[in-house]
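One letter stands for each residue in the lines below.
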2 protein chains.
Amino acid sequence: MRICLIGAGNVGTQLGLAFYKAGHQVIQVFNRGASRAEKLASLISSEPISSLQNLKNGADVYILAVKDDAISDVFNQIRSYLSDSLVMHTAGSVPMTIFTDHSRHGVLWPVQTFSRSHKVDMRGVPLAITGNIPETTLAIEALAKSISDHVYHIDDTQRAFLHLAATFASNFSNHMYTLSRQITEAQDIPFDILKPLIQETALKIQRMSPEEAQTGAAVRRDEGTILRHLLLMKENTEMKEVYELLTKSIQSSSENAG
Amino acid sequence: MRICLIGAGNVGTQLGLAFYKAGHQVIQVFNRGASRAEKLASLISSEPISSLQNLKNGADVYILAVKDDAISDVFNQIRSYLSDSLVMHTAGSVPMTIFTDHSRHGVLWPVQTFSRSHKVDMRGVPLAITGNIPETTLAIEALAKSISDHVYHIDDTQRAFLHLAATFASNFSNHMYTLSRQITEAQDIPFDILKPLIQETALKIQRMSPEEAQTGAAVRRDEGTILRHLLLMKENTEMKEVYELLTKSIQSSSENAG
């Protein structure tokens, strides 16, 4: 496919590299900051542009890999270039209906967290896709399958819930690491001690459900340990509140499961 | 060292295998359930026992790898066999002072979660150790270093806090996976979609601090996305409460860091 890639941030860069590798022709890479557009374009034999007025007509697909709250604005700037090309965005939290008055549109959301420096193998990244009509869904599916082995049809409603679930699975679990680091730092304990445990906890749910994998004082209803933990946090009301609510939530989840 | 290993559960089994591999002599393995004692003993050329009355005198070290709340009771049953041998437990949440009237004692806590079925390389497992006097600390350190490359001196107070930190890092992060799975299940979305994201989130903090790795609507103060998330949970008061408190906690952590 002939692709115009709009956005050379973390998601745009990973997608551009994957499209190139899969044999697609990324005819243009747009980024407001010219240097990032140039950097990516040079890697994937593409043309860098830093003004949307230089966007070419007639690509097969226009992919908006820009910040969630910029999608609508960028779409309005490029719609005159689109004719009947496919347009899609890559955001988990934005409904497809943002494109509703364009005839062929959809979403391709890579369900992964990308860092600029760290290369990700896109074939292992789950892609949640949807299109506004069967024809666009099929076109997006073909494009998605050309770069990933894990393509899922996820409609707008499901994607909203999946984005919420990803918030728990990633943003909130990362915050648990932050709180644990606050505790170790205050006691001059190297945070490194906890890294293998964090890895193994994440690995464990590849083999069993998180409900089955749950361990610790909360699920054991070990009131002695819970009380000792609470005493250690008596100066830290906020952290204690998180501890108490999550302990309650673990116990209530295990009740419902049992 | 000549070791009596008391307990052939997950921790006891992993330690027994590691001691054997490191060339120590595990002279006896005790487990109340005889079959587990026999199974482990057969793997490490040891003698299985299922009654503490058969415990041998004169081992260099007696290791209590039993449930946290059984340590005190088991210690009372075996103290007449100990003479001046070293005795230690393997629990994160139990103070060393439980052994206080025995002359040589300490703790060796593997900071990792073990599953029966899944083999762990003990050389990569951090061991948090302490002894009641310099001589026992050194002996425990030597034993620990013979099986792991990551040995840390952690006193009783630090270990209590480290155990609390591990609760956040492991038990609570796992619960985040549970909540995310509850959301995907209710929407007929395969939980598998989130597994690579969970892995990468845990991997990311090997390269940067969790504070730096934090992403998502909370840290961005993206009120629109937060509001849409809250609407999706309007029927689920408990989950919504967790979401709101963790969003607040992320914002307060990022304020303090910034």
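Notes on the structure follow.

1. Describing the relation of the copies chain B and chain A
Two copies of the chain are present, and they differ by a rotation about an axis and a shift along that axis. The two copies are related by a screw operation: chain B maps onto chain A through 180° of rotation and 0.0 Å of translation along the axis, at an RMSD of 0.0 Å. A rotation of that kind, with that shift, is consistent with a two-fold axis. The position closest to the rotation axis in chain B is occupied by the C-alpha of S173(B), lying 2.3 Å away. In this assembly, 100% of the residues forming the interface of chain B have copies in chain A that are likewise at the interface, indicating an isologous arrangement.

2. As for the environment of Y81(A)
Residues and elements named next belong to chain A. With respect to the element layout, Y81 can be found in helix α3 (residues 71-82). What makes Y81 buried here is its relative accessible area of 15%. Distance from Y81 to N57, taken between C-alpha atoms, is 5.2 Å for residues 24 residues apart in sequence. Apart from residues no more than four positions distant in its own chain, Y81 is found in contact with L52, Q53, L55, N57, G58 and Y62. Reaching out from Y81, the side chain makes a polar contact with the backbone oxygen of Q53 at a distance of 3.4 Å.

3. Regarding the sheet that holds strand β5 (residues 86-89) of chain B
Residues and elements named next belong to chain B. Here 8 strands make up an open sheet; going across it, the order is β3-β2-β1-β4-β5-β6-β7-β8 and the pairing mixed. For this open sheet the edge positions go to β3 (47-49) and β8 (151-153), each flanked by a neighbour on one side alone. Between one strand axis and the next, the sheet turns through 25° on average, direction left out of account. Of the strand pairs in this sheet, strand β1 (residues 2-6) and strand β2 (residues 25-30) are connected by 5 bridges, and their pairing is parallel. In the sheet register, R2 faces β2, and the bridge partner there is Q25. Sheet strands touched by helix α5 (residues 156-186): β5, β6 (105-110), β7 (127-131) and β8. Its angle to β6, the strand with the most contacts, is close to 20°.

4. Things to note about the interface of chain B and chain A
Each side of the interface is counted separately: chain B has 87 residues, and chain A has 87 residues. Taking both sides of the interface into account, the surface hidden between chain B and chain A amounts to around 8,500 Å²; carbon and sulfur atoms contribute 65%. When the area that chain B buries against chain A is broken down by residue, the three leading residues are F161(B), F168(B) and I193(B), summing to 8%. Taken together, chain B and chain A are joined by 3 salt bridges.

Criteria and thresholds
- Counting restarts for each chain, with residues numbered from 1 along the sequence as it is written.
- Written order decides the labels, with chains lettered from A and ligands numbered from 1.
- Residues qualify for local features only when their pLDDT is at least 70, as the model is predicted, and side-chain atom pairs are given and counted only at 80 or more; totals for whole chains, interfaces and linings, by contrast, use all residues.
- The basis for every side-chain value is the complete set of heavy atoms in the structure, and neither hydrogens nor water enter the calculation.
- Here the copies are matched by least squares. The fit uses the C-alpha atoms of residues with pLDDT of at least 70 in both.
- Whether two residues touch is decided by their heavy atoms; if any such pair falls within 4.5 Å, the residues are in contact.
- Going along the chain from the N terminus, every DSSP run of H or I of four or more residues is numbered as a helix, and every run of E of two or more is numbered as a strand.
- Exposure categories follow from relative accessible area, calculated using a 1.4 Å probe and restricted to protein chains: below 20% of the type maximum is buried, above 50% is exposed, and the middle band is partly exposed.
- Polar contacts here mean pairs of N or O atoms no more than 3.5 Å apart (in protein, one a potential hydrogen donor and the other a potential acceptor; neighbouring residues in sequence count only if both atoms are side-chain atoms).
- DSSP-based pairing: two strands are paired if at least 2 bridges between them are found.
- Every axis corresponds to a line fitted to the C-alpha atoms, with the helix fit spanning only the stretch in contact, and the corresponding angles, defined between N-to-C directions, vary from 0 to 180 degrees.
- The quantity reported as buried area is the accessible area (1.4 Å probe) lost by two parts once they are put together, taken as the sum for both.
- Salt-bridge detection follows one rule: a side-chain nitrogen of Lys or Arg within 4 Å of a carboxyl oxygen of Asp or Glu.

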